[in-house]
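Chain by chain, the residues:
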Amino acid sequence: MKEKKKSSGSLIRIILIWMCIILLVASYFVISIAGKATTEHLSEDYHNKILITYEYTRRVISDVYVSVTSNAFFIERNLDKPEGHKEVMKRIVENGTRVHSCGISFIEDYYYPKKGHRFCPFAWRNPKNREEVLMEEKGDESLDYLKDKWFLSVIETDTAKWSEPFYDGYDNTTTLTAYMAPIHDTAGRPVAVLGADISLDWFTEKMIETDSTINAKTKFANDFLGLSSYSYIINHDGTFITHPDASRIMKDTFFHHIKPYKDSMLEKLIEKIRTGRMSDKESEEKYLYDGQKSYLFFTPVKYTEWIIVTVVPCETIDLWGIVNGLVLLALMAFSMLAIIVLYHFYARRYLQPKQN
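Criteria and cut-off values
- Residues numbered from 1 in each chain as written.
- Predicted model: local features only at pLDDT ≥ 70, side-chain atom pairs only at ≥ 80, totals over all residues.
- Heavy atoms only, no water.
- Pairing = 2+ DSSP bridges.
- Helix = DSSP H or I, 4+ residues; strand = E, 2+ residues; numbered from the N terminus.
- Axes fitted to C-alpha atoms, helices over the stretch in contact; angles between N-to-C directions.
- Salt bridge = Lys/Arg side-chain N within 4 Å of Asp/Glu carboxyl O.
- Buried < 20%, exposed > 50% of the residue type's maximum accessible area, 1.4 Å probe, protein only.
- Patch = residues over 30% accessible without salt bridge, like charges linked within 9 Å, V, L, I, M, F, W, Y side chains within 5 Å.
- Areas by Shrake-Rupley, 256 points an atom, 1.4 Å probe, with all protein chains shown as cover.
- Contact = heavy atoms within 4.5 Å.
- Lys, Arg positive; Asp, Glu negative; His and termini not counted.
- Charge placed at Lys NZ, Arg CZ, Asp CG, Glu CD.
- Core = buried A, V, L, I, M, F, W, Y, C linked by side-chain atoms within 4.5 Å.
- Phe/Tyr/Trp six-rings, centres within 6.5 Å; stacked < 30°, edge-to-face > 60°.
- Lys NZ or Arg CZ within 6 Å of the ring centre and 35° of its normal.

J.: Would you explain the sheet that holds strand β11 (residues 292-300) in this entry?
T.: Note: strands within a sheet are paired through backbone hydrogen bonds, in either parallel or antiparallel orientation. Read from one edge of the open sheet, five strands run β8-β12-β11-β10-β9, paired in antiparallel fashion. The open sheet has two free edges, formed respectively by β8 (230-235) and β9 (258-260), since each of these has just one partner strand. Across the sheet, the mean angle from the axis of one strand to that of its neighbour is 40°, orientation sign disregarded.

J.: Can you help me understand the pattern of salt bridges in this one?
T.: Pairs can form between side chains of opposite charge whenever their charged atoms are close. Using the criterion set out here, one finds 12 salt bridges in the structure. Where D45 meets K49, a salt bridge forms, and the shortest distance between an N and an O atom there is 3.2 Å. Here K49 and D45 lie together in helix α1 (residues 2-76), a separation of four residues that amounts to about one turn. Of the two residues, D45 and K49, both sit in the buried class. In this structure, E83 engages K115 in a salt bridge whose closest nitrogen and oxygen atoms are separated by 2.9 Å. Here E83, found in the loop between α1 and α2 (85-95), pairs with K115, found in the loop between β1 (99-106) and β2 (120-126); they are 32 residues apart in sequence, far enough to count as distant. Each of the salt bridges in this network shares a partner with another, and the network as a whole consists of E83, K115 and E137.

J.: Explanation requested: a nonpolar patch on the surface in the structure shown.
T.: On the surface, I14, I17, W18, I21, I22 and V25 cluster together into a nonpolar patch covering about 590 Å² of accessible area. Turning to its location among the elements, I22 is positioned in helix α1.

J.: I tried to follow the pairing of β1 on my own but got confused; where do I start?
T.: For a regular strand, side chains alternate in direction, first toward one face of the sheet and then toward the other. Extensive coverage of β1 is indicated by the burial of eight of its eight residues. Across seven bridges, β1 lies against strand β7 (residues 190-199) in antiparallel orientation. When the bridges of β7 are listed, S105 appears paired with V193. Where β1 and β2 come together, three bridges link them in antiparallel fashion. Paired with G103 across the two strands is F122, which belongs to β2.

J.: Would you mind going over the environment of T173 with me for this structure?
T.: Relative to the helices and strands, T173 resides in the loop between β5 (166-167) and β6 (175-184). Of the residues examined, T173 reaches a relative accessible area of 57% and is grouped as exposed. For the pair T173 and A246, spaced 73 residues apart in sequence, the C-alpha separation works out to 9.9 Å. For T173, the residues in contact, after removing those within four places along its chain, are Y167 and D168.

J.: Even after reading the chapter, I still don't get the environment of K161, so can you show me in this structure?
T.: Mapped onto the secondary structure, K161 falls in strand β4 (residues 161-162). Here K161 falls in the partly exposed class, since its relative accessible area comes to 27%. In this structure the C-alpha to C-alpha distance between K161 and M180, which are 19 residues apart in sequence, comes to 5.4 Å. Excluding residues within four positions of it along the chain, K161 makes contact with S153, V154, A178, Y179 and M180.

J.: Honestly, a negative patch on the surface in this entry has me stumped. Any pointers?
T.: A cluster of acidic residues, E108, D109, D140 and E141, forms a negative patch at the surface. Here D140 shows up in the loop between β3 (129-138) and α3 (149-157). Residue classification places D140 among the partly exposed residues on the basis of a relative accessible area of 32%.

J.: How should the nonpolar core be read in this particular structure?
T.: A general trend in soluble globular proteins is that nonpolar side chains are found buried together. Grouped together as the largest cluster of nonpolar side chains are 59 residues, with contacts concentrated most on M89, F106 and L194. Looking at which element gives the most residues to this core, the answer is α1, with 10 residues.

J.: Could you clarify how one ought to interpret the pairing of β7 in this entry?
T.: In terms of burial, β7 is largely enclosed, as 10 of its 10 residues are buried. Of the strand pairs in this sheet, β6 and β7 are connected by nine bridges, and their pairing is antiparallel. Within β7, the residue paired with H184 across the bridge is P190.

J.: Any chance you could explain unusual backbone geometry here in plain terms?
T.: Note on backbone geometry: most residues besides glycine have negative phi, and most peptide bonds are trans. Backbone geometry at M250 places phi at a positive 70°, although glycine is not the residue there. When you line up the elements, M250 lands in the loop between β8 and β9. Given the relative accessible area of 22%, M250 is considered partly exposed. Located in the positive-phi region is Y303, a residue other than glycine, with phi close to 70°. Within the fold, Y303 resides in the loop between β11 and β12 (306-313). The class for Y303 is exposed, based on a relative accessible area of 66%.

J.: Help me understand the packing of aromatic side chains, please; the structure alone is not making it clear to me.
T.: Both the distance between ring centres and the angle between the ring planes are used here to describe each pair of aromatic rings. Tallied over the full model, the rule gives 20 aromatic pairs. Seen in terms of ring centroids, W150 and F151 are 5.8 Å apart; in terms of plane orientation they differ by 85°. Their pairing is edge-to-face. Overall, W150 belongs to the partly exposed group, its relative accessible area being 33%. In textbook terms, an aromatic cluster arises when at least three aromatic residues are bridged by ring pairs, as seen for Y56, Y65, W162, Y179, W202, F203, Y303 and W306. Positioned above the aromatic ring of F74, the side-chain terminus of R91 is 5.4 Å from the ring centre.

Put into structure tokens, the structure is as follows:
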């Protein structure tokens, strides 16, 4: 009877040792596989969120494009009626919920002799009452744009485009960007530039909204590790178009904050962003952004030279993979413990010799 009890106890110990070995070996693969799968899943989630932000941003700039294009057609057929141009500018501002101001700048000495050498009907939202649209005719004394880069680039290339960011001429603090389209005379010659301005404050607010949605999913990492994701709109050269810190807009470059991590190829990343390609296999490349190991998600904005970029600290994603792996290990360990307890119970019951 003692030998059977001893053999039963030895068997349990052997099984326990083997289960521990199996658990240790399995833990490595479970954490690795679960971590990788979770990272890929969350990366896809971040990628989808940046595409949602892209679609919303694209709709806004598309509305401005449609408004400018449709009114450009109307202006070209009414060039002989300069008194009506201000009303067109006003209509563009009123109908465009995101339009800050709008103006049409004519080439020097266009055939409105009473308007002077320069003529620019202009409309803008009253900063003290956003529902009110103000109008005026800018001219020789108030505005000299004939040699400005933005004006010459549209007239000389006869091409519609989005402008580089610039400061509002009224308060010199509000940052704007404009969609500019050439206006042609009956001979097809570009004679003016029609531009509708959008405040970059709105874009910054949209990026902050995106970040709050993204960071809500990784609240633990935000609260306890101080890790947060940030989204920006940058120009093709890396210049910040939006940033939570307003002092960096148009004065700082995204690329200055990135450094390679281990074997990551920084030059290829910068080239990919500059040429307007979308990120892919984000979870396979890590970079240092302001010294923080991070994943980068980015997508170009159609019809512009802008790129939306989201910077996510690696720990906010990798941490979930570790947590999921530990949960699976805990379930495995509990299952093995349950098996040992059941085996011990039935071994004592059925392996003991029968009493006569």
